[in-house]
Amino acid sequence: MSKVVFRHTDLKIIKLLLKELGKDRYECALQDAGLSKSKPITMHGFFIEWDEGNIDLHYTYPSGISFKLTTILGMQRVPFKGWELVRKL
């Protein structure tokens, strides 16, 4: 059954969020997701997703596999505009 979520893919906003997150917290998020050995190389593939009250930072590898990296709810740079409705399978 599919589900509708809000998604934000503006790379400028995501770069600001990553700066606010900081290197240490980003490295810990990668390690917690089991991605410390296969870190994202480019910014393409990052997106923010709102689902059932949670706002999370995700990354999708070119192979199509997507991982939740960290929750960003409560951060200063969470965008108000630019969200899209996406059907998630």
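Read on for an overview of the structure. On a predicted model such as this, the values are computed, not experimentally measured, just so you know.

Quick notes on the rules
Residues numbered from 1 in each chain as written. Predicted model: local features only at pLDDT ≥ 70, side-chain atom pairs only at ≥ 80, totals over all residues. Heavy atoms only, no water. Helix = DSSP H or I, 4+ residues; strand = E, 2+ residues; numbered from the N terminus. Buried < 20%, exposed > 50% of the residue type's maximum accessible area, 1.4 Å probe, protein only. Contact = heavy atoms within 4.5 Å. Core = buried A, V, L, I, M, F, W, Y, C linked by side-chain atoms within 4.5 Å.

## Remarks on the side chain of T70
With respect to the secondary-structure elements, T70 resides in strand β4 (residues 66-71). Classification of T70 by relative accessible area gives buried; the value is 18%. Residue contacts for T70: discarding those within four places in its chain leaves L21, A29, I55, D56 and L57.

## Points about the nonpolar core
Of all hydrophobic cores here, the largest spans 17 residues; its most connected members are L18, Y26, F46, I48, L57, L69 and I72. Elements with a contribution of two residues or more to this core: α1 (11-21), α2 (23-32), β2 (46-51) and β3 (54-60). For this core, the element with the most residues is α1, which contributes four residues. Not counting residues within four places of it along the chain, the set of residues in contact with I72 comprises L17, I48, I55, D56, L57 and V78.

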